[in-house]
Structure formats: structure tokens, C-alpha cells
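# Understanding the architecture of this molecule
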Amino acid sequence: MTPTPNILALLEKLRKNSHLGKHKHFSAADRCRHYNTYLGIPVVIINVLLGSLLFANLSEQIPTPMKWLGAFLALTAAVLSGLQTFLNFQKAFEAHRRVANQYLSIARDCERLIVLFQDNLIQLSDLAKKVEEVNEKYNKVNAEAEAFPTNNSDLQKATRIERAKVEELKSGQIRHNP
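Now for a look at the structure at hand. (Residues numbered from 1 in each chain as written. Predicted model: local features only at pLDDT ≥ 70, side-chain atom pairs only at ≥ 80, totals over all residues. Heavy atoms only, no water.)

## Structural notes on the overall build of the protein chain
In plain terms, the rule: Helix numbering and strand numbering both begin at the N terminus, where a helix is a DSSP run of H or I of at least 4 residues and a strand a DSSP run of E of at least 2. Only protein chains enter the area calculation, which uses a 1.4 Å probe; residues under 20% of their type maximum are buried, those over 50% are exposed, and those in between are partly exposed. Note on contacts: a residue pair qualifies if any of its non-hydrogen atoms lie within 4.5 Å across the two residues. Reported accessibility uses the Shrake-Rupley method at a 1.4 Å probe radius. Residues are deemed covered only where the shown protein chains occlude them.
What the protein chain contains, in helices and strands, is 5 helices and 0 strands. In the protein chain, which comprises 178 residues, the share counted as buried stands at 31%. If you take every contact in the protein chain between residues at least 6 apart in sequence, the share linking residues at least 24 apart comes to 85%. Of the roughly 11800 Å² of accessible surface on the protein chain, a fraction of 59% belongs to carbon and sulfur atoms.

## As for the environment of Lys-22
Tracing the chain through its elements places Lys-22 in helix H1 (residues 6–58). Once the C-alpha coordinates of Lys-22 and Gln-102 are considered, the two residues, 80 residues apart in sequence, prove to be 7.8 Å apart. Ignoring anything within four residues of it in the chain, the contact list for Lys-22 reads Ala-100, Tyr-103, Leu-104 and Lys-165.

## Remarks on the pattern of salt bridges
Put simply, the test is: The salt bridge criterion pairs a side-chain nitrogen of Lys or Arg with a carboxyl oxygen of Asp or Glu, the two atoms within 4 Å.
Overall, the coordinates contain 6 salt bridges when judged by the stated rule. Asp-30 serves as the salt-bridge partner of Arg-33, at 3.7 Å between the closest nitrogen and oxygen. Here Arg-33 and its partner Asp-30 are both found in helix H1, 3 residues apart, which amounts to about one turn of the helix. Its salt-bridge partner being Arg-31, residue Asp-154 comes within 2.5 Å of it at the nearest N-O pair. Of this pair, Asp-154 sits in helix H5 (residues 152–171) while Arg-31 is found in helix H1, placing the two residues 123 residues apart along the sequence.

## Considering unusual backbone geometry
At Asn-88, a position not held by glycine, the phi torsion is positive, near 45°. Here Asn-88 is to be found in the loop between helix H2 (64–87) and helix H3 (89–118). On the basis of relative accessibility, which here comes to 34%, the residue Asn-88 falls in the partly exposed class. Phi at Asn-120 is positive, roughly 60°, even though this residue is not glycine.

Right, here's the structure in full:
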């Protein structure tokens, strides 16, 4: 059995890191989407209630407690809306998805290069050049991802997903498709 070239080992490590980055950013995107929803739905509901109170107020038959409730709801809606605007979960969601898809593209490039080399369709020297290109692409994505950090929970979730894939491969439940 011939030893695995170091460049192939490097490519495999780059593939694994890209998959991990992909899962981290998809997890972060899901989290941002949930936060956006959790803040957005109450804002909509509160604004509908405020509109109802406004019409009741126009008739001058609204009791004082309802006026206080209206004021409280208006303040709550303003705070939630302000948080939603400041934290901009929708933009973060879109950015995390974009970064995750870029990592996915890199992982697929790595997989393709590994297969090309294993099938003797590309020489080691050509593989080394292609790995350099993929590595540059990976570094660019990492630089872009710095503006959209993930958290420890995202990393743990990504690690669990990757471990589950390895276990499935070992048990023969899925075909090898890194």
C-alpha cells in the first residue's frame, strides 16, 4: 500500500474544515432567522392591537387602564422594533447563509480534487496547484466570515453533525460521499 501524499492529507483537512464552517454558519443563520421571527411577530401583533386601541380612542370611550395598556404596548413595540433594526437579524441570516454556501463550494472542490487524484485523472503536481487555489478561496471566505461570527453552540452543533456523518460511514449506513 502506497502512502498518502501529504498534499492529499492537506486537501482532506481543508474539506473537513470547510464542512465544519458550513455547518457552523448554517446553524448561525437558523439562529438569526429564529431571533428575527421571535422579535418580528410580537411587533406585528402589538401594532395591530395598537391600531385597534387607536380606533377605540377616537371614540373617546376607552377606559383609563386601556390607555395605559396602549402606552405600554407602544413602548414595547418600539423597543422590539429598535432591537430588530439594531441587531439586523435578517442581514446576518443572509450573510451566514452566503458564507455557509461558500464553504460548501470549497468542500465540493476538495472532494472533486480528491476523486480526480484517486482515479489518476490529475497528477500530484497539478493537484498541488489546485490545492493552492482552493486554499486561497478558503482564506477569502474565512476573512469574510470574520464579520459574521458564530458562537460555541454553532460549533458544537456542527461538530455533532460531522461526527454523525463519520459514524454513518463507519457503520455502512451511507455511501462515502464526503
